[in-house]
Amino acid sequence: MWFLRQLWAFFLDFLETIVVSLAIFAVVYLFLFQPHQVEGRSMVPNFQNGEYILTDKISYRFHEPERGDVVVFHSPQDARIDFIKRVIGVPGDSVEVRQGYVYLNNQKLEEAFINEPGRVSQGRFLREGVVAEIPDGQYAVMGDNRLHSSDSREWGLVSGEMIVGRAFFRYWPMPAFGVLATTEGELSMESVLGVVSD
């Protein structure tokens, strides 16, 4: 009888540990951080296909996304799919594709971290030489691999409500393990070589 009581007590302790662990995981997953796998090559050279990142879901509750942030958001075409792109323009900005470059507020963006600078093509939404004004609550996003990215040039602006969070930490593969540099000021070729796409 004593053995059964001990076994029962052990089982209850084990069950309690599992329930508490699942509750903590649920809170972290739903409100703080969410894992994502990079799929595709639209963010090469900074993010590679098959990498795993953590998305910070809380910081945008306290401030708006900024230019240069790498964000994960629900696809405008299918909300069940998440994309990863870089914020190029924020509310109040104007964005234009002109002669292979992106112009923000009529200034050519110097983007040393993108794949093949000077070869940006237009899309159905952002046409060559046509200025797009970004209204409140909307963001222009683009992949760093501009020639192989479906982004705001093609399907338009992204609503702030569709943004899941900011990519902030890469945990796989192990050689690339660490905090991500996400803003233009933090990025240099040394910090991004070897760093979710469509």
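Bear in mind that the values here come from a model prediction, so they are computed numbers and not experimental data. (Residues numbered from 1 in each chain as written. Predicted model: local features only at pLDDT ≥ 70, side-chain atom pairs only at ≥ 80, totals over all residues. Heavy atoms only, no water.)

Peer 1: Sorry if this is basic, but what is going on with the overall build of the protein here?
Peer 2: The number of helices and strands found in the protein is 3 helices and 12 strands. Taking all 198 residues of the protein together, the buried fraction comes to 43%. As displayed, the protein has an accessible area near 10900 Å², and 60% of this comes from carbon and sulfur atoms. (Helix = DSSP H or I, 4+ residues; strand = E, 2+ residues; numbered from the N terminus. Buried < 20%, exposed > 50% of the residue type's maximum accessible area, 1.4 Å probe, protein only. Areas by Shrake-Rupley, 256 points an atom, 1.4 Å probe, with all protein chains shown as cover.)

Peer 1: What is the right way to read the confidence of the model for the protein from this model?
Peer 2: Segments scoring low in pLDDT should not have their predicted coordinates read at a detailed level. Put simply, the protein has an average pLDDT of 85, and 90% of its residues get 70 or more. With pLDDT under 50 throughout, residues 184-198 is counted as low confidence; its partners more than four residues away or in other chains account for 52 contacts. (pLDDT = per-residue confidence, 0-100. Contact = heavy atoms within 4.5 Å.)

Peer 1: What's the story with the pattern of salt bridges in this structure? I'm lost.
Peer 2: A pair can form between side chains of opposite charge whenever their charged atoms are brought close. Following the criterion strictly, the structure yields 10 salt bridges and no others. In this structure, D93 engages R67 in a salt bridge whose closest nitrogen and oxygen atoms are separated by 2.7 Å. Of this pair, D93 sits in the loop between β4 (82-89) and β5 (94-98) while R67 sits in the loop between β2 (52-56) and β3 (70-74), placing them 26 residues apart in sequence. Overall, the relative accessible area of 36% leaves R67 in the partly exposed class. (Salt bridge = Lys/Arg side-chain N within 4 Å of Asp/Glu carboxyl O.)

Peer 1: Honestly, the environment of V95 in this entry has me stumped. Any pointers?
Peer 2: Mapped onto the elements, V95 comes out in strand β5. Taking the C-alpha atoms as reference points, V95 and L126, 31 residues apart in sequence, are found 8.1 Å from one another.

Peer 1: When you look at the nonpolar core in this model, what are you seeing that I'm missing?
Peer 2: Counting 13 residues, the largest nonpolar core has V95, V102, L126 and M142 as the members making the most contacts within it. For this core, the secondary-structure elements that each account for two or more residues are β5, β6 (101-104) and β9 (138-142). The residues contacting L126, other than those within four sequence positions of it, are V95, V97, A132, M142, S152 and R153. V87, V90, V141 and I163 belong to the second largest nonpolar core, which has 11 residues in total. (Core = buried A, V, L, I, M, F, W, Y, C linked by side-chain atoms within 4.5 Å.)

Peer 1: I would appreciate a short explanation of unusual backbone geometry in the present structure.
Peer 2: Apart from glycine, the bulk of residues carry a negative phi angle, and the bulk of peptide bonds sit in the trans form. The omega angle of the peptide bond from V44 to P45 is 15°, so this bond is cis rather than trans. Mapped onto the elements of the fold, P45 is located in the loop between β1 (33-37) and β2. Note that the residue after W172, namely P173, is joined by a cis bond; omega there is 5°. By the secondary structure assignment, P173 is in the loop between β11 (163-172) and β12 (178-179).

Peer 1: Help me out: how do you make sense of the pairing of β2 in this one?
Peer 2: It is a general feature of regular strands that their side chains alternate between the two faces of the sheet. Inspection of the sheet shows β1 paired to β2 by 5 bridges, in the antiparallel sense. From the neighbouring strand, H36 faces β2, where its bridge partner is I53. Note: β2 against β11, 5 bridges, orientation antiparallel. Residue pairing in the sheet places I53 in a bridge with R170 of β11. (Pairing = 2+ DSSP bridges.)

Peer 1: Can you help me understand the sheet that holds strand β8 (residues 132-133) in this one?
Peer 2: Think of a sheet as strands paired side by side through backbone hydrogen bonds, with each pair either parallel or antiparallel. Here we have 4 strands laid out as an open sheet, ordered β7-β6-β5-β8, and antiparallel in their pairing. Every interior strand has two partners, whereas the edge strands, β7 (107-108) and β8, have only one. Strand direction decides the pairing type here: β6 and β7, joined by 2 bridges, are antiparallel. Within β7, the position partnered with L104 by the bridge is Q107.

Peer 1: Would you explain the side chain of S149 in this entry?
Peer 2: Here S149 shows up in the loop between β9 and α2 (152-155). Its relative accessible area of 14% is what places S149 among the buried residues. Among the polar contacts made by the side chain of S149, one reaches the side chain of K85 at a distance of 3.1 Å. Among the polar contacts made by the side chain of S149, one reaches the side chain of D151 at a distance of 3.0 Å. (Polar contact = N/O pair within 3.5 Å; in protein donor to acceptor, adjacent residues only side chain to side chain.)

Peer 1: Honestly, a nonpolar patch on the surface in this entry has me stumped. Any pointers?
Peer 2: Where nonpolar side chains cluster on the molecular surface, the patch consists of M1, W2, F3, L4, L7, F10, F14, I18 and L22 and spans about 1100 Å² of accessible area. By the secondary structure assignment, L22 is in helix α1 (residues 2-32). (Patch = residues over 30% accessible without salt bridge, like charges linked within 9 Å, V, L, I, M, F, W, Y side chains within 5 Å.)

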